[in-house]
Amino acid sequence: MSRYDLTDFEWRAIEPLLPNKPRGVPRVDDRRVLNGIFWVLRSGAPWRDLPERYGPRTTCYNRFVRWRKAGVWDRLMDAITKAHDGTVQMIDTSIVRVHQQGATGKKGDRDHCLGRSRGGLTTKIHALVDAQGRPIKLTLTAGQMSDIASAADLIKELPEGAMLLADKGYDANALRNAVTERKAWANIPPKANRKDAICFSPFLYKARNLVERFFNKAKQFRRIATRYDKLAENYLAALKLVAIRLWLRGNESTS
């Protein structure tokens, strides 16, 4: 068993959430395929270098893409994250470099969340995590987009009475008003040029390091630390699978 493979606990949590196949040719062993997918995500190796113990590389890659198109990974993350602690939520972003293999799209093609800057091509991950630093929602934009670009979409389900923690990059009246409309509180440090006084607690703000820890854990998977996927949909699907794995590891450690 590889150290990247699903544990028995993780597999028991995932197996009931996978699609059923009642008729036709039996599907290739789901656990072996998932282990192969996670091996690629963790190691950062090309799909063609997948070890033989996981079966044909085309089977693992095709299953990854086919289930992404079918929304399986989205439904899996929704089911796993349903138990999140929504009393305190944190939002932040992180930049990832795009490898040359991920920058082969044609000119004029649809948006693949690729941004060009002095450092080259980048993609920005926007994440909303709960009070324990576990990811609730994830989205992507081009690297040069502002941190606040996807904030409104990420907090659409912010529960009443919750507290949102974010850094100065999110200090905007529009976001604060959106949080207030949901009868929640935005604990965000004010920018130096803000003229009107706001309520801010430095003590409660200390907990925001949990969202930074999430990015640190996610980037231990080398396919997340560097983007090799040309399609933003594939990269986001990989990120969601990593998020699911982090949730399951956290649950296993407390069980």
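Residues numbered from 1 in each chain as written. Predicted model: local features only at pLDDT ≥ 70, side-chain atom pairs only at ≥ 80, totals over all residues. Heavy atoms only, no water.

An unreviewed UniProt entry annotates the protein chain as IS5 family transposase originating from Mesorhizobium jarvisii.

**Q** I keep staring at the domain arrangement of the protein chain and nothing clicks. Help me out?
**A** By a widespread convention, an interface's size corresponds to the accessible area lost as its parts come together. Here the protein chain is described as being made up of domain 1 (8-70) and domain 2 (85-229). Between domain 1 and domain 2, the C-alpha centre-to-centre distance is 29 Å. With 8 residues of domain 1 in contact, the opposing surface of domain 2 contributes 5 residues. Across the interface of domain 1 and domain 2, roughly 650 Å² is buried in total on both sides, 52% from carbon and sulfur atoms. Interface area lost by domain 1 to domain 2 is led by Leu41, Arg42 and Gly44, which between them contribute 62%. Linking domain 1 with domain 2 are 0 salt bridges, by the criterion used here. Put simply, domain 1 and domain 2 have 5 residue pairs in polar contact (both at pLDDT 80 or more) between them. Within the side of domain 1 that touches domain 2, the residues separate by chemical class into 5 nonpolar, 2 polar and 1 charged. (Domains from an automatic or database assignment. Contact = heavy atoms within 4.5 Å. Buried area = accessible area lost by both parts, 1.4 Å probe. Salt bridge = Lys/Arg side-chain N within 4 Å of Asp/Glu carboxyl O. Polar contact = N/O pair within 3.5 Å; in protein donor to acceptor, adjacent residues only side chain to side chain. Nonpolar A, V, L, I, M, F, W, Y, C, P; charged D, E, K, R; others polar.)

**Q** I keep staring at the environment of Pro190 and nothing clicks. Help me out?
**A** Here Pro190 lies in the loop between strand S6 (185-187) and helix H7 (202-205). Residue classification places Pro190 among the partly exposed residues on the basis of a relative accessible area of 30%. In this structure the C-alpha to C-alpha distance between Pro190 and Ala172, which are 18 residues apart in sequence, comes to 8.9 Å. Pro190 has contacts with Lys168, Asp171, Arg176, Ile198 and Phe200, leaving out every residue within four places of it along the chain. (Helix = DSSP H or I, 4+ residues; strand = E, 2+ residues; numbered from the N terminus. Buried < 20%, exposed > 50% of the residue type's maximum accessible area, 1.4 Å probe, protein only.)

**Q** Help me understand the pattern of salt bridges in this model?
**A** Should the charged atoms of two oppositely charged side chains come close, the side chains can pair. Inspection of every chain in the model, using the stated rule, returns 15 salt bridges. Between Arg31 and Asp8 there is a salt bridge whose closest N-O contact spans 2.9 Å. Linking Arg31 in helix H2 (residues 30-43) with Asp8 in helix H1 (residues 8-14), this pair joins segments that are 23 residues apart in sequence. Of the charged contacts, one joins Asp147 and Lys124 as a salt bridge, the two residues approaching to 2.9 Å between their closest N and O atoms. With a gap of 23 residues between them, Asp147 in the loop between strand S4 (135-142) and helix H5 (151-154) and Lys124 in strand S3 (residues 120-129) connect regions that are remote in the sequence. By relative accessible area, Asp147 is classed as partly exposed at 21%. One salt-bridge network, in which partners are shared between bridges, spans Asp171, Arg176, Arg194 and Asp196.

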